[in-house]
Amino acid sequence: MKKAVNDGVWSGSWVARRLGVALDGDDTLTGLLGLALRRNPKRAHLLVSNVLGKHVPQSPSVVYGHGLALGRRVRELLGDDAARAAVVLGYAETATGLGHSVADGLALAPYLHSTRRPVPGVARAGGFEESHSHATSHLLLPEDPALLAGSGPLVLVDDEFSTGNTVLNTIRDLHARYPREHYVVVALVDMRSPADAARLEAFAEQMGARVDLVTAASGTVRLPEGVLEKGQALVAEYGPRSGARGTARSTPAGPHPTHTRIDLHWPPGLPDGARHGFTPKHRTRLEAALPEMAARLAEALPAEAHRVHILGFEELMYAPLRLAHELERLRPDAEIRFSTTTRSPVLAVDDPGYAIRTRLVFPAHDDPADGPGDRYAYNIAGAGFDAVVAVVDSAADTPALHAPDGLLARLAEHVPHVLLTVVPSYVPGAAQAPERPATMLPEPLRGPVFSSYAPDEVGWLLQDLSDVTLEAPTEEREEAIQSGGAHYAESLPVEYQPSEDYQRLFHSALDASAARIATAVGVVTETVLAESPHSRLRSSGGTPVPRPVLVSLARAGTPVGVLMRRWAQHRHGIDLPHYAVSIVRGRGIDANALRWLAAHHDPADVVFVDGWTGKGAITRELTAAVEEFEKTEGVTGFDPEIAVLADPGSCVRTYGTREDFLIPSACLNSTVSGLISRTVLRADLVGPHDYHGAKFYRELAGADVSVPFLDAVSARFTEVGDAVDAQVKDLLATDRTPTWEGWAAVERISEEYGIHDVNLVKPGVGETTRVLLRRVPWKILARAGAGADLDHVRLLAEQRGVPVEEVAELPYTCVGLIHPKYTRGATGADGKAVAV
């Protein structure tokens, strides 16, 4: 067997020379294993498998083949009758995929792997410790409590045996609960010392149980005296200097890494892995679905991609491995490699004789139970891959994954094409949505059943979650959001109930600004009708008229969309279709809503509508989401340009005004938006074939001003007609190319005030109001001399005890700063950020 994976040099020679470590045993050992140095106070060296698919990219057929071969040997050992009564148990995170492959080779037995991810509502059936590991606690969470309770053989699968302690701990724990007569221990390599092997034999004899061993190779590791201290010294010498966080961790150029999202159409109800058990029936379903899913993946790959890496995610090894294996079959012209991300901190040394040549470092992105921390992907940077497909489960599809320092950004710095596919996280007992084509998706919700708007004003492409308790205290939500413990779209703020003083301010602001809003509505609507590339002329009574389809971004865009529809009726006598859809920062637009729209309208007719721009985050989000949708669905024509009432951030080219002024619909929450909540996207409530959710607050009908707001603005349409015509004429002759001044201003403010997180800076009157109503505000910056437009902001700030600081030459009328309690700016090191 070939001894090396690095240019003919054994990938353990660097460590062997410097530490005096040696591998004794089978001739195949150096082909199976390399050596590296680990950042672990308990063990200096790390045996790095070349065939496991964890740290070293490898052909998926090689990775899967080794597991299958071991499983077939176990079946031969047990015989078919005992194999049917057996249970296979793999170890997280490294051996989850190997255990799955062994179970496939065994073919007749269910499989379960341990996990470090607690799942609410799923009881523990056991647990054990991995003494040498950097992350020790293992949980056993089978969906079927009887899975481990049988008396048949238990097949324990790990990647390698170094001391046998993990196996001893597992058997000790499970034998006390579910005693059995036969255990089979499976590993790629057995590297125990004679003393460690004797310990397992004595332990088995003490239990009165038979313990068999099945491995691909065996040997021992010779460790010289003081190896731990020497290894730690080498890590200190060759590790990152002066606080740097590791190889290949630079700062990306933009706030959003670009990638292509692939919808695999994962079979509904099929577990994504064996965290809760995986049966032979599950395996049969997966086998049937793999060819079509791999074909979707192959179609999404760029034509020029001939070296393709499929990157799994920590415990999620098996699903990406099988996809990679099937892709390898579909694309014999391409070189397909497979590995996964890991928790394990390992020193990277760019030397052919060292197993870990490069590493990418990024924050954990699945809300781990043990708190935030770094995660790693090894041997990808500099490996010459044309494309990387990251495969994660839906619990890990979080803002941290998409952040400027997240995994996708790290990959994009080193690989020309980054693709993402998300496998639904299986939750035992959760209702699994059936697959539904776009033509079978539910029709839009309409008032008065859902919202206080008239049924023809807007159709909501949402699901009704009114009966679900989603509200959480503001401070609790803020802590969860900023610490990475939850996404903002997973819960709702408690609805603000305005005081009498605030209600008076709202009505006063509406009276004062109704004509100004009506003018902006007219300008943006006429601009859309005059030049929008989405529109197409259709015959109506012999007169060609444009018929765009208005699609508001719920919920701030919805009142604007209704007003634009009313303007088109008032001025041109045409009824424009109007829908509201959900878009979530960091998660993208509701793809099922787009599917419904594409099935019922020409995508080229769709005009996306929002209330206002701040720093342009949603503009960027929509652009990326539409591009992704087109690539994954093959549906073209949607244009991500947003039409807004006000564009103070200079982020779009279709707007009513670029002035930052008070839009009264920003003053309130649901009571000015049809009594509809902000949209919700949570994995246990929104399945892969569901619309995003929202609540209808019927109980707030007594405080609802949604329709009075629309009526007050619509009543001014006639009087502003001439002003609209004049402004549209000027606007159509003007260069309206976005300058993104808002984004630049926000970055400047973020640094100046020591926040260092643009997501905590909310520019403009509308966004500042949202901060005061929904988040934990720190302070408000107001442009010096700002007048009545800020009366409601000042009142809200007074009610919440938030200081208002007047600033000269502020590019917006005001800016809201969210409390930076959980950011590095919170230390107050620069004298401006809050100290906690």
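Counting starts from 1 at the beginning of each chain's written sequence and moves along it residue by residue. With the structure being a predicted model, the display of local features is reserved for residues of pLDDT at least 70 and the display and counting of side-chain atom pairs for 80 or more, all residues being used for whole-chain, interface and lining totals. Note: side-chain values were computed over all heavy atoms of the structure, leaving out hydrogens and water.

1. Comments concerning the overall build of the protein chain
Logical step 1: Secondary structure assignment for the protein chain yields 22 helices and 34 strands.
Logical step 2: For the protein chain, the proportion of contacts with a sequence separation of at least 24, taken over those separated by at least 6, is 77%.
Logical step 3: Using a 1.4 Å probe, accessible areas were evaluated by the Shrake-Rupley method; residue-level cover was limited to the displayed protein chains. Summed over all atoms, the accessible surface of the protein chain reaches about 31,100 Å², with 51% contributed by carbon and sulfur. Helix and strand assignments come from DSSP, with helices taken as H or I runs of at least 4 residues and strands as E runs of at least 2, each series counted from the N terminus. Should any heavy atoms of two residues lie within 4.5 Å, those residues are considered in contact.

2. Here's the deal with the pairing of strand S10 (residues 210-222)
Logical step 1: Being paired, for any two strands, means DSSP has found at least two bridges between them. Here strand S1 (residues 22-25) pairs with S10 via four bridges, running antiparallel. Residue pairing in the sheet places Ala22 in a bridge with Arg222 of S10.
Logical step 2: Each parallel crossover has a hand, and the one from strand S9 (residues 182-190) via helix H7 (residues 194-207) to S10 is right-handed. For the handedness criterion, the strands are oriented away from the viewer, and a crossover whose path from the first strand over the helix to the second runs clockwise is classed as right-handed.

3. Looking at the nonpolar core
Logical step 1: Note on terminology: a nonpolar core comprises buried Ala, Val, Leu, Ile, Met, Phe, Trp, Tyr and Cys residues joined through side-chain atoms within 4.5 Å. Each residue gets one of three labels from its accessible area relative to the maximum for its type: buried under 20%, exposed over 50%, partly exposed in between, using a 1.4 Å probe on protein chains only. By size, the foremost hydrophobic cluster in this structure holds 108 residues, and its most contacted members are Leu37, Val155, Val186, Ile310, Tyr354 and Leu411.
Logical step 2: Tallying contributions element by element places helix H9 (residues 280-300) first for this core, with seven residues.
Logical step 3: Look past the residues within four positions of Val155 in its chain and what remains in contact with it is Val74, Leu78, Val87, Val88, Leu89, Leu106, Val184 and Val186.
Logical step 4: In this structure, Leu576, Tyr697, Phe717 and Leu772 belong to the second largest nonpolar core, which totals 97 residues.

4. Details of the side chain of Ser750
Logical step 1: Looking at where Ser750 falls in the secondary structure, it is placed in helix H20 (residues 741-752).
Logical step 2: Classification of Ser750 as buried rests on a relative accessible area of 1%.
Logical step 3: Within the local environment of Ser750, its side chain forms a polar contact with the backbone nitrogen of Asp757, the two atoms lying 3.0 Å apart.
Logical step 4: Excluding anything up to four places from it in sequence, Ser750 contacts Ile755, His756, Asp757, Val758 and Val761. Pairing of N or O atoms within 3.5 Å defines a polar contact, subject to two protein rules: one partner must be a possible hydrogen donor and the other a possible acceptor, and residues neighboring in sequence count only if both atoms are side-chain atoms.

5. Overview of the sheet that holds strand S12 (residues 307-313)
Logical step 1: Strand order in the open sheet formed by five strands is S11-S17-S16-S12-S13, with parallel pairing between adjacent strands. Two strands bound the open sheet, and with one partner strand each, they are strand S11 (260-262) and strand S13 (335-341). Mean inter-strand twist for the sheet, computed between neighbouring axes without regard to direction, equals 25°.
Logical step 2: In this sheet, strand S17 (residues 417-423) lies alongside strand S16 (residues 387-393) in parallel orientation, the contact comprising seven bridges. Bridging from a neighbouring strand, Val391 pairs with Thr421 of S17. Helix axes use the C-alpha atoms of the stretch in contact, all axes being lines fitted to C-alpha atoms, and the angles between their N-to-C directions lie in the range 0 to 180 degrees.

6. Quick word on the environment of Asn50
Logical step 1: Here Asn50 shows up in the loop between strand S3 (45-49) and helix H3 (60-78).
Logical step 2: Given the relative accessible area of 1%, Asn50 is considered buried.
Logical step 3: Separated by 39 residues in sequence, Asn50 and Ser11 have C-alpha atoms that sit 9.3 Å apart.
Logical step 4: Among the polar contacts made by the side chain of Asn50, one reaches the main-chain carbonyl oxygen of Gly31 at a distance of 3.0 Å.

7. Section: the sheet that holds strand S4 (residues 87-90)
Logical step 1: Strand order in this open sheet of six strands is S1-S10-S9-S8-S4-S5, and the pairing throughout is mixed. Of all the strands in the sheet, just S1 and strand S5 (111-113) have a single pairing partner and so form its edges. On average, each strand axis in the sheet is inclined to that of its neighbour by 30°, with strand direction left out of account.
Logical step 2: Against the sheet, H3 engages strand S8 (154-161), S9 and S10, with an angle of about 140° to S10.
Logical step 3: Here helix H6 (residues 165-177) sits on the sheet and contacts S4, S8 and S9; the angle it forms with S8, its principal contact strand, is near 160°.

8. Details of the packing of helix H14 (residues 500-531) against helix H22 (residues 791-800)
Logical step 1: Orientation of H14 relative to H22, taken along the N-to-C sense of each, is 165°, at an axis distance of 10 Å. In terms of orientation, H14 lies roughly antiparallel with respect to H22. In the crossing of H14 with H22, the sense of the turn from one axis to the other is left-handed. Between H14 and H22, the residues in contact are Asp501, Tyr502 and Leu505 and Asp791, His792, Leu795 and Leu796, respectively.
Logical step 2: Classifying every residue of the contact of H14 with H22 by side-chain character gives four nonpolar, one polar and two charged. By definition in this entry, angles of less than 35 degrees are roughly parallel, angles greater than 145 are roughly antiparallel, angles of 65 to 115 are roughly perpendicular, and the rest are oblique. A crossing counts as left-handed when the near helix is turned anticlockwise from the far one by less than a right angle, and as right-handed when that turn is clockwise. The residue classification treats Ala, Val, Leu, Ile, Met, Phe, Trp, Tyr, Cys and Pro as nonpolar and Asp, Glu, Lys and Arg as charged. All others, Gly included, are polar.

9. Focus: the packing of aromatic side chains
Logical step 1: Two rings from Phe, Tyr or Trp (for Trp, the six-membered ring) form a pair when their centres sit within 6.5 Å of each other. Planes less than 30 degrees apart are called stacked, planes more than 60 degrees apart edge-to-face, and all others tilted. According to the stated counting rule, one finds 11 aromatic pairs in the structure shown.
Logical step 2: When the ring of Trp14 is compared with that of Tyr238, the centres are 5.0 Å apart and the planes differ by 80°; the resulting orientation is edge-to-face. You can see Trp14 sitting in helix H1 (residues 13-19) and its partner Tyr238 sitting in helix H8 (residues 227-238), a full 224 residues away along the chain.
Logical step 3: For Trp14, a relative accessible area of 2% puts it in the buried group.
Logical step 4: Ring centres 6.4 Å apart and planes at 40° place the aromatic pair Phe608 and Phe638 in the tilted group. Within this pair, whereas Phe608 is found in strand S27 (residues 606-612), its partner Phe638 is found in the loop between helix H17 (617-633) and strand S28 (642-646), the two being separated by 30 residues in sequence.
Logical step 5: A relative accessible area of 4% places Phe638 in the buried class.
Logical step 6: The structure contains a cluster of three or more aromatic residues connected by ring pairs, namely Phe450, Tyr453, Trp460 and Phe696.

10. A word on the environment of Phe161
Logical step 1: Mapped onto the elements of the fold, Phe161 is located in strand S8.
Logical step 2: Overall, the relative accessible area of 3% leaves Phe161 in the buried class.
Logical step 3: Separated by 28 residues in the primary sequence, Phe161 and Val189 have C-alpha atoms spaced 6.5 Å apart.
Logical step 4: Apart from residues lying up to four places away in sequence, Phe161 is in contact with Val167, Val185, Val186, Ala187, Val189, Asp190, Met191, Arg192 and Leu213.

11. Thoughts on the pairing of S17
Logical step 1: Counting buried positions over the seven residues of S17 gives five, a clear majority of the element.
Logical step 2: Looking at chain direction, S11 and S17 are connected through three bridges and run parallel. The residue bridging Arg261 from the neighbouring strand is Leu420, located in S17.

12. A word on unusual backbone geometry
Logical step 1: Along the chain, Gly447 connects to Pro448 via a cis peptide bond; the corresponding omega equals 0°.
Logical step 2: When you line up the elements, Pro448 lands in the loop between S17 and strand S18 (459-460).
Logical step 3: Note the cis peptide between Ala554 and Arg555, where omega equals 0°.
Logical step 4: Note that Arg555 resides in the loop between strand S24 (549-554) and helix H15 (557-572).
Logical step 5: Located in the positive-phi region is Ala107, a residue other than glycine, with phi close to 75°.
Logical step 6: Looking at where Ala107 falls in the secondary structure, it is placed in the loop between helix H5 (96-106) and S5.
Logical step 7: Overall, Ala107 belongs to the partly exposed group, its relative accessible area being 27%.

13. Focus on the confidence of the model for the protein chain
Do not read the predicted coordinates in detail wherever pLDDT is low.
Logical step 1: The quantity called pLDDT is the predictor's confidence in a given residue, expressed from 0 to 100. Here the protein chain shows a mean pLDDT of 84. Residues at 70 or above account for 87%.
Logical step 2: Looking over the protein chain, one finds the lowest element-wise mean pLDDT in strand S22 (residues 537-540), namely 40, and the highest in S13, namely 98.
Logical step 3: Here residues 1-5 is a poorly scored stretch, pLDDT under 50, and it has 10 contacts once near neighbours within four places are set aside; other chains count.
Logical step 4: pLDDT under 50 marks residues 431-436. Its contacts with residues more than four places away, or in other chains, come to 16 contacts.

14. A few points about the pattern of salt bridges
Logical step 1: Between Lys or Arg on one side and Asp or Glu on the other, a salt bridge is scored when a side-chain nitrogen of the former is within 4 Å of a carboxyl oxygen of the latter. Inspection of the entire model under this criterion finds 35 salt bridges.
Logical step 2: A salt bridge links Glu413 to Arg410; the shortest N-O distance between them is 2.4 Å.
Logical step 3: Glu413 sits in the partly exposed class, given a relative accessible area of 26%.
Logical step 4: Overall, Arg410 belongs to the buried group, its relative accessible area being 0%.

15. Some remarks on H5
In an α-helix, one turn spans 3.6 residues; hence positions three or four apart end up facing the same way.
Logical step 1: Most of H5 sits inside the fold, with 11 of its 11 residues counted as buried.
Logical step 2: Residues of H5 that are buried include every one of Thr96, Gly97, Leu98, Gly99, His100, Ser101, Val102, Ala103, Asp104, Gly105 and Leu106, and no others.
Logical step 3: Just beyond H5, the residue with positive phi is Ala107, at close to 75°.

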